[in-house]
Every structure is written in structure tokens, then in C-alpha cells.
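Here is what each chain is made of, one letter per residue.
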Amino acid sequence: MTTAQKLQQLLKSGYHRIGEIELQTDLYGYPYALCHQADVELSTEPAFGGLEIHHGPAAARDLSTYAEDGTYRFTKGQVNLKRGWVMVLESVQDLRLALDQFYPACLGLFLAQQDGSLEIETLREKLNRQTGMYRFARSISDAGAQQLVQTVCGPAHQCAKKILWKIDADTPLDDSEASRFNGIPNDLPATQAIPLLCREACNHFVAECRKAAKAEFEAKAASGA
Ligand code: SF4
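Remember, predicted model here, so these are calculated numbers, not experimental data.

1. Section: the pairing of strand S4 (residues 52-55)
Line of reasoning, step 1. Examined bridge by bridge, S4 and strand S5 (residues 85-89) share four bridges and lie parallel to one another. What sits directly across from His 55, in S5, is Val 88.
Line of reasoning, step 2. With respect to chirality, the unit in which S4 leads through helix H3 (residues 60-65) into the neighbouring parallel S5 is right-handed.

Listed below in C-alpha cells is the structure:
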């Protein structure tokens, strides 16, 4: 079964949300339509309630790159997707293409998780792969990394992804709001939303590790330890 067919099956079984996007079927003659979940009511009104209409998946990249205030979204999992638009799509293939722009790889990660083939990378594995200026990120302490999870990840810090990784194979994340978050904003039941999964620390997190590792190093040097 192709990814598009699996997506179709998810929609038939009641899934209607991914991240901040509402997935609708059969809307004013269009087989599929997407909009910000806060615009769902408007999208069902005549002329899509005045929302800006996009035909086909091409606009998904632009819509997902900048927030309403024009700031760059550091990860597509950031909870600040622009509102005010509806995207109508003629096929499930186009729907898949659009979702891959809004939330790259997230559908595939969810399907892989469902069939048990999802591979997860620990933070240490991710950091040990870093080269150039990011090599220094490797030296962050476990405590520093645990602290960063709580100050960088989770909806309180605008990331809507569920963290699947550990610090290393034997070190799970400390319990916190960020580590408990299930990747489904607005508390929808798990049977209605495709969760956004974080299988490896993102570049933003790695950059924060580098900063924190430098701060740890400088603090140690200053104390003469
Ligand atoms: S590491 Fe994952 S959960 Fe944390 S901010 Fe990056 S994408 Fe979000």
C-alpha cells in the first residue's frame, strides 16, 4: 500500500488533524481541503468564509515558512502556523505533497511508528555526528541536556512535537511537561490526530546544546575546576 493510500485510510478511520492543520474531505466539491484548525468554521462557510484560497499544494512551502508576524519558523513543528487560508486539493497524492511541506516527514514517521519500523536516534548519537562549529555541542553534560529539553521543547516553547529520543540508550528524559507532551495539540483523542514525532533532536536543539556546552565550559574554567 502506498503512503497516499495509507493516508486515505487514516482519513476514513477518523483522523482529521495534523499539528495545527485541519484535514477536511468533500468540501464544496473538492475532495480534500486544508486550513489552520482555528479557521475550520470559516472554511465551511460559502466562499470559504473569505479565507485566501490556494489551489493545489504549491503554496504549502510559503505558507509554512513564516509566521503571521513575518518571523522565520525555526522548525515546521513550531506552533505559530499562519491563519487565514484554505488549500483545496484534487487528489490524495496532492494532499500528501502538501502535508510533506507543512510537516516534513511527519506522516511517514507516524506510519513507520505504526508498523514498528521507526528508528530513533539518541541525543548523544546525534551530537556525536556533529562536525565543524557544532562539534562542541558534544561536551554538554547530561544535566545540561535535560535542562534544555525543558527550556526548548514542548508547546510552552512553541514546539508541537512529541519527543521520542533519550539522552543515551540508558538515560531517559526527566519527567517534564515537554517530555510528556504527546504531539497532539489541543488534546484531541489519539484516534483523531496524526501526532508530530521528534525522532532525533532538531538543528535548533543542537545549536542550543552548543551554547549551553560553551557556558558550562566557561563556568568550569572560571571556577578553576
Ligand atoms: S528537539 Fe524536537 S521536540 Fe525539541 S524543539 Fe526540536 S523538534 Fe521540537
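2. Description of the site of the ligand
Line of reasoning, step 1. The environment of the ligand is made up of Val 152, Cys 153, Cys 159, Lys 161, Ile 163, Trp 165, Cys 198, Ala 201, Cys 202 and Phe 205.
Line of reasoning, step 2. For the ligand, the cavity whose grid points lie within 2 Å of the majority of its atoms is the largest pocket.
Line of reasoning, step 3. Taken together, the residues that form the shell around the ligand break down as nine nonpolar, no polar and one charged.

3. What to know about the layout of surface pockets
Where empty space is left can be seen by rolling a probe of water-molecule size over the atoms.
Line of reasoning, step 1. Of the volumes computed, that of the largest pocket is approximately 580 Å³.
Line of reasoning, step 2. Considering the residues around the largest pocket, the lining is formed by 28 residues, among which Thr 75, Lys 76, Lys 161, Cys 202 and Asn 203 are closest to the centre.
Line of reasoning, step 3. For the lining of the largest pocket, the secondary structure elements donating two or more residues are helix H5 (106-114), strand S8 (197-198) and helix H9 (203-223).
Line of reasoning, step 4. Counting residues per element, the lining of the largest pocket draws most heavily on H9, at three residues.
Line of reasoning, step 5. The class makeup of the residues in the lining of the largest pocket is 16 nonpolar, six polar and six charged.

4. So, the pairing of strand S3 (residues 30-36)
Line of reasoning, step 1. Across the seven residues of S3, six count as buried, placing the element largely inside the fold.
Line of reasoning, step 2. In this structure, strand S2 (residues 21-27) lies alongside S3, joined through six bridges in antiparallel fashion. Residue pairing across strands places Leu 27 opposite Tyr 30, the latter belonging to S3.
Line of reasoning, step 3. For S3 and S5, the ladder comprises four bridges, and the chain directions are antiparallel. By the bridge assignment for S5, Leu 34 is matched with Met 87.

Definitions and cut-offs
Residues numbered from 1 in each chain as written. Predicted model: local features only at pLDDT ≥ 70, side-chain atom pairs only at ≥ 80, totals over all residues. Heavy atoms only, no water. Pairing = 2+ DSSP bridges. Helix = DSSP H or I, 4+ residues; strand = E, 2+ residues; numbered from the N terminus. Right-handed = clockwise from strand over helix to strand, strands pointing away. Near = heavy atom within 4 Å. 1 Å grid on protein atoms, 1.4 Å probe; cavity = no way out; pocket = protein on both sides within 12 Å on 5 of 7 lines; lining within 4 Å. Sits in = over half its atoms within 2 Å of the grid points. Nonpolar A, V, L, I, M, F, W, Y, C, P; charged D, E, K, R; others polar. Points joined across faces, edges and corners; volume = space filled by probe spheres on them. Buried < 20%, exposed > 50% of the residue type's maximum accessible area, 1.4 Å probe, protein only.

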